[in-house]
Amino acid sequence: MGSSAGSGNSYDYSFKILLIGDSGVGKSSLLVSFISSHVDDLAPTIGVDFKIKHLTVGGKKLKLTIWDTAGQERFRTLTSSYYRGAQGIILVYDVTRRETFANLADVWAKEVDLYSTNQDCIKMLVGNKVDKETERMVTREEGIAFAQEYGCLFLECSAKTRANVEKCFEELALKILEVPSLLEEGSATVKRNILKQKPEYHASPGGGCCS
Ligand SMILES: Nc1nc2c(ncn2[C@@H]2O[C@H](COP(=O)(O)OP(=O)(O)O)[C@@H](O)[C@H]2O)c(=O)[nH]1
Ligand SMILES: [Mg+2]
């Protein structure tokens, strides 16, 4: 019931959401955990590029296109196109690995500021793997402090137990819905009109790759 597959899905808004953070923090697992309602198999994942999830938040029907890396974060080579046009960015660290938390400030937050095309883009800091409480190396208070300093939302979650996973995407979506400029970008009506107005496309004679 309520499957999000198929083309018959209508929606009020469509948003692009990114997952970023060090390799191994659980970005792909969070995505899988959110998309499918059970996580049997938490093997290390290779990237999936993106997945689409339909959900209703705040009375609005949303289509979330959630982008995951294909492992390029290992080489710190996420490109500007990955960031382009995102309305929401989820910055993930592993609460059991301190360096993944430090790298958010040293690396990822800087990239976000450099590349994100929308100034109003909503950011959310997520401390993952809270099921491994005995191995915790980053306190909840430290997470809150960084989120305040950086001006973003904050949650701790577990892709394994699914604790707070849905909440994380829903709170982000709710916040995006409060920002008029982001709403406009994500509006289904606007998108349809742009498509209608698009002039006929003529391929360049030489078969050039750029459009
Ligand atoms: N215990 C636990 N392990 C997790 C959790 N999330 C991910 N993992 C494991 O951490 C490893 C890396 O996860 P992955 O999703 O591939 O991380 P990514 O590189 O950020 O995409 C995998 O072995 C997962 O099974 C979690 O919430 N709890
Ligand atoms: Mg991954």
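How each quantity is defined
- Residues numbered from 1 in each chain as written.
- Chains lettered and ligands numbered in written order.
- Predicted model: local features only at pLDDT ≥ 70, side-chain atom pairs only at ≥ 80, totals over all residues.
- Heavy atoms only, no water.
- Core = buried A, V, L, I, M, F, W, Y, C linked by side-chain atoms within 4.5 Å.
- Buried < 20%, exposed > 50% of the residue type's maximum accessible area, 1.4 Å probe, protein only.
- Helix = DSSP H or I, 4+ residues; strand = E, 2+ residues; numbered from the N terminus.
- Contact = heavy atoms within 4.5 Å.
- Arc of directions from axis to C-beta.
- Pairing = 2+ DSSP bridges.
- Axes fitted to C-alpha atoms, helices over the stretch in contact; angles between N-to-C directions.
- Parallel < 35°, antiparallel > 145°, perpendicular 65-115°, else oblique.
- Nonpolar A, V, L, I, M, F, W, Y, C, P; charged D, E, K, R; others polar.
- Salt bridge = Lys/Arg side-chain N within 4 Å of Asp/Glu carboxyl O.

Colleague: Would you mind showing me how to read the nonpolar core here?
Modeller: As a rule of thumb, nonpolar side chains are buried together in soluble globular proteins. Core analysis: the largest hydrophobic core is formed by 31 residues, its most contacted members being Phe 15, Ile 17, Leu 62, Leu 64, Ile 66 and Ile 90. A total of 6 residues in this core trace back to one element, the largest contributor, which is helix H5 (residues 165–176). For Leu 64, the residues in contact, after removing those within four places along its chain, are Phe 15, Ile 17, Phe 34, Lys 51, Ile 52, Lys 53 and Leu 55.

Colleague: Help me out: how do you make sense of helix H4 (residues 140–150) in this one?
Modeller: Since there are 3.6 residues in each turn of an α-helix, residues three or four apart along the chain are aligned in direction. Every buried residue of H4 is listed here: Gly 143, Phe 146, Ala 147 and Tyr 150. Taken down its axis, H4 places every buried residue within 100° of arc, on the same side. Residues of H4 that are exposed and point more than 90 degrees away from the buried face comprise Glu 141, Gln 148 and Glu 149. One or two positions beyond H4, positive phi appears at Gly 151, with a value near 70°.

Colleague: Whenever I open this one, the sheet that holds strand S2 (residues 50–57) confuses me. Can you help?
Modeller: Strand pairing in a sheet relies on backbone hydrogen bonds. The paired strands run either parallel or antiparallel. Sheet architecture is open: 6 strands sit in the order S2-S3-S1-S4-S5-S6, paired in mixed fashion. Edge positions in the open sheet fall to S2 and strand S6 (153–156), since each of these has one partner strand only. When strand polarity is set aside, the average angle formed by the axes of neighbouring strands in this sheet is 25°. By the bridge criterion, 4 bridges tie strand S5 (residues 122–128) to S6 in an arrangement that is parallel. Along S6, the bridge assignment pairs Val 126 with Leu 155. Packed onto the sheet, helix H3 (residues 98–115) meets strand S1 (13–20), strand S4 (88–94) and S5 and runs at close to 160° relative to S4.

Colleague: Honestly, the packing of H3 against H4 in this entry has me stumped. Any pointers?
Modeller: The axes of two packed helices give the description: the angle between them and the distance between them. Where H3 contacts H4, the two axes come as close as 12 Å, and the packing angle between them is 10°. Overall, the two elements H3 and H4 adopt an arrangement that is roughly parallel. Contacts between H3 and H4 involve Arg 98, Phe 101, Leu 104, Ala 105, Ala 109, Val 112 and Asp 113 from the first element and Glu 142, Gly 143, Phe 146 and Tyr 150 from the second. Of the residues belonging to the contact of H3 with H4, the class tally is 7 nonpolar, 1 polar and 3 charged.

Colleague: Just to check I follow, could you spell out the pattern of salt bridges for this structure?
Modeller: Any two side chains of opposite charge can pair if their charged atoms end up close together. Tallying each qualifying case throughout the model produces 8 salt bridges. With its nearest N and O atoms 3.2 Å apart, the salt bridge here joins Lys 129 to Asp 94. With a gap of 35 residues between them, Lys 129 in the loop between S5 and H4 and Asp 94 in strand S4 connect regions that are remote in the sequence. Take Lys 129 and Asp 94: they sit in the same class, and that class is buried. Linking Glu 166 and Arg 162 is a salt bridge whose minimum nitrogen-to-oxygen distance equals 3.4 Å. Taken together, the salt bridges that share partners define one network made up of Glu 133, Arg 136 and Glu 156.

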